[in-house]
Amino acid sequence: TWDQYWAYQGMTVLFAAGNEGANGISSPGTAKNVITVGGHQNRWDPDQMYPYSSQGPTDDGRIKPDVTGPGDYVRSCLAQEAEDASTNIGDSYYIEYSGTSMATPAVAGAAALVREYIMEIAERPAPQGSLIKAMLILGAEDMGTRNIPNDDEGWGRVNLINTLIPDQDVGTYVDDRSRLSSGQISDYSFDVTRGGEELKVVLAWSDYPGSSSSSTQLRNDLDLEITNPNGQLYKGNVFTNGQSVINGQKDSTNNVEVVLIDNAMIGTWTVRVRDSSHGGSNFYQPY
């Protein structure tokens, strides 16, 4: 149902992954176009997951959750009508809870700030929801062991500073509202002028709703392809030990694709978005 919002370009929808651990993520957190939020520890070690945060993948193998936010011992306002005050911290105005339902509002606040930054600081048009999603994933940090993407944290812990004002780095985004037909491509070239720097590229698009009777929910299969100055090709979501490796099989499951290179060589790089299978209308944003 929530994937119906693919047509509302300015709407960003977030859902909690749930607190079922290995029992998996349940609807609506399984929807393609929403930002599904898992929980990490808050008070103790933010590089560790909240132990009950629901794990992916979805039934058709998509990466979920997308990102994580602080999910345990989170203080929030206490409604006067609240019946369950068992975790009251001795303050009539606040209460402390744990769960992905606490992590999701924090990430929603980050999403709102990304939108505000784009419109008021960058002075660009109102962004599509998939661009917000791409930018949050762009700034996300790999938690603990170097192993993104994974079924616990997805693409990692949200870091708003990394998303908006990365230290000494340059970020750019393309909010492209054009449409690709099957076999068409869009290319973007840019120069890397400092050696030894990290390069991260995120492609996200709002996909047409799938069918409940289908084992594959992706309708529009876009592919992210990054070519370095030596002509080596990195495909989206081909990762080993938390970073991209050359070659590998293309991803025909997710509507988010990422390339992450630790030490990008100096020279001209090409970002290519390829529509390899076009099953309906699509909107995409490489960042």
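Preceding block: the structure.
Criteria and thresholds
Residues numbered from 1 in each chain as written. Predicted model: local features only at pLDDT ≥ 70, side-chain atom pairs only at ≥ 80, totals over all residues. Heavy atoms only, no water. Patch = residues over 30% accessible without salt bridge, like charges linked within 9 Å, V, L, I, M, F, W, Y side chains within 5 Å. Areas by Shrake-Rupley, 256 points an atom, 1.4 Å probe, with all protein chains shown as cover. Salt bridge = Lys/Arg side-chain N within 4 Å of Asp/Glu carboxyl O. Helix = DSSP H or I, 4+ residues; strand = E, 2+ residues; numbered from the N terminus. Buried < 20%, exposed > 50% of the residue type's maximum accessible area, 1.4 Å probe, protein only. Core = buried A, V, L, I, M, F, W, Y, C linked by side-chain atoms within 4.5 Å. Contact = heavy atoms within 4.5 Å. Phe/Tyr/Trp six-rings, centres within 6.5 Å; stacked < 30°, edge-to-face > 60°.

Caption draft 1: Region of the structure containing a nonpolar patch on the surface. The grouping of Ile-89, Tyr-93 and Tyr-94 at the surface amounts to a nonpolar patch, some 320 Å² of accessible area in total. Among the structural elements, Tyr-94 can be located in strand β5 (residues 94–97). For Tyr-94, a relative accessible area of 39% puts it in the partly exposed group.

Caption draft 2: Molecular detail of the nonpolar core. Grouped together as the largest cluster of nonpolar side chains are 30 residues, with contacts concentrated most on Leu-136 and Trp-155. If you list the elements that add at least two residues to this core, you get β2 (35–40), α1 (100–121), α2 (129–139), β7 (197–207) and β11 (256–264). Looking at this core element by element, the count peaks at seven residues for α2. Other than its neighbours up to four places away in sequence, Leu-136 contacts Ile-35, Val-67, Val-107, Ala-110, Ala-111, Val-114, Val-158 and Thr-163. In terms of nonpolar packing, the next biggest core, distinct from the first, is built from 17 residues, Trp-205, Leu-224, Ile-226 and Tyr-234 among them.

Caption draft 3: Molecular detail of the packing of aromatic side chains. Using the criterion set out here, one finds four aromatic pairs in the structure. With a centroid separation of 5.7 Å and an interplanar angle of 65°, the aromatic rings of Tyr-50 and Tyr-52 are classed as edge-to-face. Consider the rings of Trp-155 and Phe-239, whose centres lie 5.5 Å apart with planes at 65°: the pair is edge-to-face. In this pair, Trp-155 is assigned in the loop between α2 and α3 (160–164) and Phe-239 in strand β9 (residues 233–240), connecting sequence segments 84 residues apart. Across this residue pair, the class does not change: Trp-155 and Phe-239 are buried.

All quantities given are derived from atomic positions and should not be read as evidence of function.
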